Amino acid sequence: MGKILSYLSKAFIAVISLALMVGIGYFFLSSGQNAQVLPHSILVLDLQGNVHELATEQPFSLNMLGASPVQDTALHEVVAALKQAESDPLIDAVLLKLDKLDRAGIDSVRELGLALNRFKKTGKPVWAWATNFTQAQYAIAAHANEIYLHPMGSVGVKGLSSDRLYYGDLLQFFGVNIHVFKAGAYKSYPESFTQNAPSKEWLEAESAWLSDAWKSLRFDMEQSRGLMPSSIDRFIAQLPALVAKADGNMGQTALNANLIDGTKTFDETKKLLEEKLSKGQKNKYNYLSVYDYPLLNIPNGTEPVAVLVAEGEIHEGLSEPGIIGSETLVEEINSLKENP
């Protein structure tokens, strides 16, 4: 039995070692490959996950164990790709395909919109397609020259809101006493632990910034689509009647409100885009993901400016995903100081 167990343990270790070697080799080979940019390429902004200043990387150990990769979107890399594509003769157009985009902050949406507007000024078109548009997805897509939606899809614009939970009664039930010392009526953070509903000060403060943020976001969408002021607010307020008028068809409802340019499947959208780009010529178009678009290095003779991104909550110690560690950030600043 001892010999058998010894043999099995050695065989198991050998198999694991071989798998690790194959995995490491595949990782380095695949990470070193860049997609080739062919003539008549269409840059596909198939944004995924959450939009961050810098994307959060999944630990190497999880990749080696076969975990599904967590793909987030780095805002600066997408903006840089659009900037490069403006003067890239191999890029004919941009196609937004945003179904896998989960979250994007208002500032990120605006930054992406400005980058898309700059790209359009070159005369190259920007198109957008989705199965369904969430509000964040539509706010980005609104900057496209043409927007298409799946025939069974919908556009989910609804305004901005916020919410929080209140534990006042629950904590008292368990005999937990909360003592709060604060300066000023608008210091509302402890309310969750002492009250059962929001104070009027919290409601006032939330309403103020949410109203301003919505006005800005709504204005950008309306201006980009060429809509009349406040038309999106009217669309939201009248949605039940508009859906009924379209016999329950959400895609037709969005089309009637001029939020989109048509209802088509993805293949139909690609075919129409290629027909408009080719102008009668028989061109073969290559669809290139923005994640595979190789960014060029800084040209010689330019003065590089380092962009040090600090995103997340500030804590002492080392940085982690979503956390700015003071020790890590100070070390990075000192490293940049010494870099000529």
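Being a predicted model, the structure only gives us computed values, none of them experimental.

S.K.: Explain the environment of Tyr167 to me, and be specific about the residues and the numbers.
M.R.: Along the polypeptide, Tyr167 turns up in the loop between strand S9 (155-156) and helix H6 (168-173). Tyr167 has contacts with Ser192, Phe193 and Gln195, leaving out every residue within four places of it along the chain.

S.K.: Give a description of the sheet that holds strand S5 (residues 101-103) that names residues and reports values.
M.R.: Strand order in the open sheet made by the 3 strands is S3-S2-S5, with parallel pairing throughout. A strand with exactly one partner marks an edge of an open sheet, and here the two such strands are strand S3 (73-74) and S5. Looking at chain direction, strand S2 (residues 49-52) and S5 are connected through 2 bridges and run parallel. From the neighbouring strand, Gly49 faces S5, where its bridge partner is Leu101.

S.K.: Hey, could you go over a negative patch on the surface for me, with residue numbers and the actual values?
M.R.: Negative charge collects at one region of the surface, where Glu316, Glu327, Glu331 and Glu332 lie side by side. Among the secondary structure elements, Glu332 is positioned in helix H13 (residues 326-338).

S.K.: Talk me through the nonpolar core; I want residue IDs and the actual numbers.
M.R.: Among the nonpolar cores identified, the biggest contains 48 residues, and Leu45, Val94, Leu96, Tyr138, Val155 and Met221 are the most heavily contacted of them. A per-element tally of this core places helix H3 (residues 75-86) first, with 6 residues. Setting aside anything within four residues of it in sequence, one finds Tyr138 in contact with Phe133, Ile147, Val155, Val157, Met221, Arg225 and Leu259. Counting 9 residues, the second-largest nonpolar core is a separate cluster that includes Trp129, Leu273, Leu277 and Tyr285.

S.K.: Give a description of the packing of aromatic side chains that names residues and reports values.
M.R.: Counted under the stated rule, the structure contains 6 aromatic pairs. Ring centres 6.3 Å apart and planes at 20 degrees place the aromatic pair Tyr167 and Phe193 in the stacked group. Here Phe193 lies in helix H7 (residues 191-194) and Tyr167 lies in the loop between S9 and H6, a separation of 26 residues in the sequence. The class for Tyr167 is partly exposed, based on a relative accessible area of 32%. Taken together, the ring pairs in this structure connect Tyr167, Tyr189 and Phe193 into an aromatic cluster. Of note, Lys97 hangs over the ring of Phe266, and the distance from its end group to the ring centre comes to 5.0 Å. In this arrangement the basic side chain of Lys270 is found over the ring face of Tyr287, its NZ or CZ atom lying 4.7 Å from the centre.

S.K.: Please give an account of the confidence of the model for the protein chain that cites residues and values.
M.R.: Low-confidence regions, as indicated by low pLDDT, have predicted coordinates that should not be scrutinised in detail. Mean pLDDT over the protein chain stands at 88; residues scoring 70 or higher make up 89%. The lowest-confidence element of the protein chain is helix H2 (residues 60-64), averaging 45 in pLDDT; the highest-confidence one is strand S8 (residues 146-149), averaging 98. Predicted confidence for residues 26-33 stays below pLDDT 50, and this span has 1 contact to residues more than four positions away or in other chains.

S.K.: How would you sum up the pattern of salt bridges? Please name residues and give values.
M.R.: By the definition in use, this model includes 6 salt bridges. The salt bridge partner of Lys83 is Glu86, with a shortest N-O separation of 3.9 Å. You can see Lys83 and its partner Glu86 sitting in helix H3, 3 residues apart, about one turn around the helix. A residue is classified by how much of its surface remains accessible, and Glu86, at 16% relative accessible area, is buried. The partner of Asp261 in a salt bridge is Arg225, with the nearest N and O atoms 2.9 Å apart. Placement of Asp261 in the loop between helix H11 (250-256) and strand S10 (262-263) and of Arg225 in helix H8 (residues 200-225) is noted, with a sequence separation of 36 residues between them.

S.K.: Account for the sheet that holds strand S1 (residues 41-45), naming residues and giving values.
M.R.: With parallel pairing, the 6 strands of this open sheet are ordered in space as S10-S8-S6-S4-S1-S11. Each edge of the open sheet carries a strand with a single partner, namely S10 and strand S11 (286-289). Here S1 pairs with S11 via 4 bridges, running parallel. Counterpart to Leu43 in the pairing with S11 is Leu288.

The rules behind each value
Residues numbered from 1 in each chain as written. Predicted model: local features only at pLDDT ≥ 70, side-chain atom pairs only at ≥ 80, totals over all residues. Heavy atoms only, no water. Helix = DSSP H or I, 4+ residues; strand = E, 2+ residues; numbered from the N terminus. Contact = heavy atoms within 4.5 Å. Pairing = 2+ DSSP bridges. Patch = residues over 30% accessible without salt bridge, like charges linked within 9 Å, V, L, I, M, F, W, Y side chains within 5 Å. Areas by Shrake-Rupley, 256 points an atom, 1.4 Å probe, with all protein chains shown as cover. Salt bridge = Lys/Arg side-chain N within 4 Å of Asp/Glu carboxyl O. Lys, Arg positive; Asp, Glu negative; His and termini not counted. Charge placed at Lys NZ, Arg CZ, Asp CG, Glu CD. Core = buried A, V, L, I, M, F, W, Y, C linked by side-chain atoms within 4.5 Å. Buried < 20%, exposed > 50% of the residue type's maximum accessible area, 1.4 Å probe, protein only. Phe/Tyr/Trp six-rings, centres within 6.5 Å; stacked < 30°, edge-to-face > 60°. Lys NZ or Arg CZ within 6 Å of the ring centre and 35° of its normal. pLDDT = per-residue confidence, 0-100.

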